[in-house]
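# Overview (structure and organization)
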Amino acid sequence: MSAQWFYMTSGWLRKSHRVGPISEADLLERIEKGQIAPETLVQSSKTRNKWIPMNKVGPAMAAWKRSHPEAADQTAD
C-alpha cells in the first residue's frame, strides 16, 4: 500500500493550510500540473511524518523535472 501524503498550501491572506491525505499518484499528478512546487512542504510516513520541502523527495522531484524541463535547469538539487 502506498503512503498517504499531505502538503501545505497558501490560502486567502497567505494563511497556510494542510491538504490531504492524498495518494502518491495524486501527489505526482499535482506536481506535474504545477500545483505543488519544489519548495512546497510535504509530509507522509515516508518522510517520517516530518514536513520537508518537496525537492528533498527524490521521486517527486524527478516527476517535477520531467514536467517542467525549462525550470529544472535553474533548480539546484
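In case you missed it, the structure is sitting above this.
Just so it is clear, the model here is predicted, and its values are computed rather than measured. (Residues numbered from 1 in each chain as written. Predicted model: local features only at pLDDT ≥ 70, side-chain atom pairs only at ≥ 80, totals over all residues. Heavy atoms only, no water.)

## Some words on the overall build of the protein
Counting secondary structure elements, the protein contains three helices and four strands. Traced from its N-terminal end to its C-terminal end, the protein shows the element sequence β-β-α-β-β-α-α. Its C-alpha radius of gyration of 12 Å places the protein within 12% of the 11 Å reference for a compact globule of 77 residues. For the protein, the spread of C-alpha atoms along the principal axes amounts to about 35 × 30 × 20 Å. Within the span of the protein, comprising 77 residues, buried residues form 30% of the whole. Intrachain contacts of the protein at a sequence separation of at least 6 include 35% that bridge at least 24 residues. Approximately 5300 Å² of the protein is accessible, and the part contributed by carbon and sulfur atoms is 51%. Placing the 11 positive and 8 negative side-chain charges of the protein at their respective mean positions leaves the two points 10 Å apart. (Helix = DSSP H or I, 4+ residues; strand = E, 2+ residues; numbered from the N terminus. Rg over C-alpha atoms; globule rule 2.2 N^0.38 Å. Buried < 20%, exposed > 50% of the residue type's maximum accessible area, 1.4 Å probe, protein only. Contact = heavy atoms within 4.5 Å. Areas by Shrake-Rupley, 256 points an atom, 1.4 Å probe, with all protein chains shown as cover. Lys, Arg positive; Asp, Glu negative; His and termini not counted. Charge placed at Lys NZ, Arg CZ, Asp CG, Glu CD.)

## Considering the side chain of T47
Within the secondary structure, T47 sits in the loop between strand 3 (41-43) and strand 4 (52-53). Overall, the relative accessible area of 10% leaves T47 in the buried class. Among all residues touching T47, those that are not within four sequence positions of it are W5, V42, I52 and V57.

## Description of the nonpolar core
Residues W5, Y7, L27, I31, I36, V42 and M54 are the most contacted members of the largest nonpolar core, which totals 15 residues. Sorting the residues of this core by element identifies strand 1 (5-10), strand 2 (16-22), helix 1 (24-32) and helix 2 (58-67) as the ones contributing at least two each. Looking at which element gives the most residues to this core, the answer is helix 2, with four residues. The residues touching V42, leaving out its near neighbours within four places in the chain, are W5, F6, Y7, L27, T47, K50, W51, I52, P53, M54 and V57. (Core = buried A, V, L, I, M, F, W, Y, C linked by side-chain atoms within 4.5 Å.)

## Examining the pattern of salt bridges
Per the counting criterion, the structure on display carries two salt bridges. The salt bridge partner of E24 is K46, with a shortest N-O separation of 2.6 Å. With E24 in helix 1 and K46 in the loop between strand 3 and strand 4, this pair connects stretches of sequence that are 22 residues apart. Of the residues examined, E24 reaches a relative accessible area of 22% and is grouped as partly exposed. Relative accessible area serves as the criterion here: at 55%, K46 is assigned to the exposed category. The residue K33 makes a salt bridge to E29 at a minimum N-O spacing of 3.0 Å. (Salt bridge = Lys/Arg side-chain N within 4 Å of Asp/Glu carboxyl O.)

## A word on the pairing of strand 2
As paired strands, strand 1 and strand 2 are joined by five bridges and run antiparallel to one another. In the strand pairing of strand 2, W5 is matched with I22. Once strand 1 ends, the chain turns through five residues before running back antiparallel as strand 2, passing L13 with a positive phi of about 60°. (Pairing = 2+ DSSP bridges.)

## Focus: the environment of H17
Examined against the element boundaries, H17 turns out to sit in strand 2. Taking the C-alpha atoms as reference points, H17 and L28, separated by eleven residues in sequence, lie 19 Å from one another. Setting aside residues no more than four positions away along its own chain, H17 makes contact with Y7, M8, T9 and G11.

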